[in-house]
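The residues making up each chain are set out below.
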Amino acid sequence: MDWLGPEEWQAVALSLRVSLWATLASLPLGIFTAYALARWRFPGHGLVNGLVHLPLILPPVVTGYLLLLTFGTRGPVGSALQDIGIVLAFRWTGAALAAAVMAFPLMVRAIRLSIEAVDPKLEQAAATLGASRLWVFATVTLPMILPGILAGAILAFAKAMGEFGATITFVSNIPGQTRTVPSAIYAFLQVPGGEDAAMRLVLVSVVVAMTALLLSEVIARKIAARVSGT
């Protein structure tokens, strides 16, 4: 337990908290968005798909700056939230929002692929028996895409753990409040003698990322086996 110092444990604990909330809060929207992109055809479908994946293309600093403009205390959304006592900028909740935005494309993509692997005829057969669209999703689609949802959630959690650019731009690097593992690594590298602490946090990040990738791979194989019927 002495391997990490107090500041390092604080950064790890905050990263776990931020990543967990980022994943859980964005999961319902991620499932809805993935289903809409996979099953529905509507005006602006390509635009929505592009917006969902935009954080993967934009520099993270740009995403963070856009979040600051929108959810900062002077932004259109941030000022409205401030009126009801909710402040995101320079708070751990803002770090969770930045992490959720950056991880959202990975989550949606994993879930969308699992939905597209489900035979639409199964859903149509349930619908012909009088089941509503929501009931068809809950009883037919959801059980079949559950591995994909888990894979998407794991990838999103790992991405949130490693998010840096958008987070530090939106909520800065405040010890105990917004200093996650990547921000702590950056901070340690700016001071003499901080290399050892930075390396320990790097190792933590590598272990978390590799574990997430391995879990995602195992789940992906289960999806493939289920689709092929083996």
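All values derive from a computational prediction rather than experimental measurement.

Peer 1: Can you help me understand helix α6 (residues 120-128) in this one?
Peer 2: With a side-chain oxygen lying 3.0 Å from the backbone nitrogen of Lys121, the N-terminal cap of α6 falls on Asp119. One or two residues past the end of α6 sits Gly130, with phi positive at roughly 100 degrees.

Peer 1: I'm lost on the nonpolar core in this one. Help?
Peer 2: Nonpolar side chains in soluble globular proteins tend to be buried together. Formed by 19 residues in total, the largest nonpolar core has its most connected members in Leu27, Ile31, Val108, Ile111, Ile115, Ile145 and Ile149. Once residues within four sequence positions are removed from consideration, Ile145 is found in contact with Ser114, Ile115, Val118 and Phe137. The next biggest cluster of nonpolar side chains, apart from the first, holds 17 residues, and it includes Val18, Leu67, Ala96 and Phe170.

Peer 1: Would you mind showing me how to read the packing of helix α3 (residues 60-71) against helix α5 (residues 92-116) here?
Peer 2: The description of two packed helices rests on the angle between their axes and on the distance between the axes. At a minimum axis distance of 11 Å, the contact between α3 and α5 shows a crossing angle of 130 degrees. Relative to α5, the element α3 lies oblique. Regarding α3 and α5, the two cross each other, and that crossing is right-handed. From α3, Pro60, Thr63, Leu67 and Phe71 reach across to α5, where they touch Leu97, Ala98, Val101 and Met102. Here the contact of α3 with α5 is built from residues that sort into seven nonpolar, one polar and no charged.

Peer 1: Before we go on, may I ask you to explain the pattern of salt bridges in this structure?
Peer 2: A pair can form between side chains of opposite charge whenever their charged atoms are brought close. Overall, the coordinates contain three salt bridges when judged by the stated rule. Linking Arg39 and Glu123 is a salt bridge whose minimum nitrogen-to-oxygen distance equals 2.9 Å. Of the two residues, Arg39 is situated in helix α1 (residues 6-39) and Glu123 in helix α6; the sequence distance between them amounts to 84 residues. One salt bridge in this structure joins Glu116 and Arg112, with 3.0 Å as the shortest N-O distance. Taken together, the positions of Glu116 and Arg112, both in helix α5 and four residues apart, correspond to about one turn of that helix. Looking at Glu116, the relative accessible area reads 39%, which means it is partly exposed. Classification of Arg112 by relative accessible area gives buried; the value is 18%.

Peer 1: What am I meant to see in the side chain of Thr33 here?
Peer 2: Within the secondary structure layout, Thr33 lies in helix α1. Classification of Thr33 as buried rests on a relative accessible area of 10%.

Peer 1: What is the right way to look at unusual backbone geometry in this model?
Peer 2: Residues apart from glycine generally show negative phi values, whereas peptide bonds are mostly found in trans. Although it is not a glycine, Phe90 adopts a positive phi angle of roughly 60 degrees. Secondary-structure assignment places Phe90 in the loop between α4 (76-83) and α5. Residue Phe90 is classed as partly exposed on the basis of its relative accessible area of 37%. Positive phi, normally seen in glycine, also occurs at Ser172, with a value near 65 degrees. Among the secondary structure elements, Ser172 is positioned in the loop between α8 (165-171) and α9 (181-188). By relative accessible area, Ser172 is classed as partly exposed at 29%.

About the criteria used
Residues numbered from 1 in each chain as written. Predicted model: local features only at pLDDT ≥ 70, side-chain atom pairs only at ≥ 80, totals over all residues. Heavy atoms only, no water. Polar contact = N/O pair within 3.5 Å; in protein donor to acceptor, adjacent residues only side chain to side chain. Helix = DSSP H or I, 4+ residues; strand = E, 2+ residues; numbered from the N terminus. Core = buried A, V, L, I, M, F, W, Y, C linked by side-chain atoms within 4.5 Å. Buried < 20%, exposed > 50% of the residue type's maximum accessible area, 1.4 Å probe, protein only. Contact = heavy atoms within 4.5 Å. Axes fitted to C-alpha atoms, helices over the stretch in contact; angles between N-to-C directions. Parallel < 35°, antiparallel > 145°, perpendicular 65-115°, else oblique. Left-handed = near helix turned anticlockwise from the far one by under 90°. Nonpolar A, V, L, I, M, F, W, Y, C, P; charged D, E, K, R; others polar. Salt bridge = Lys/Arg side-chain N within 4 Å of Asp/Glu carboxyl O.

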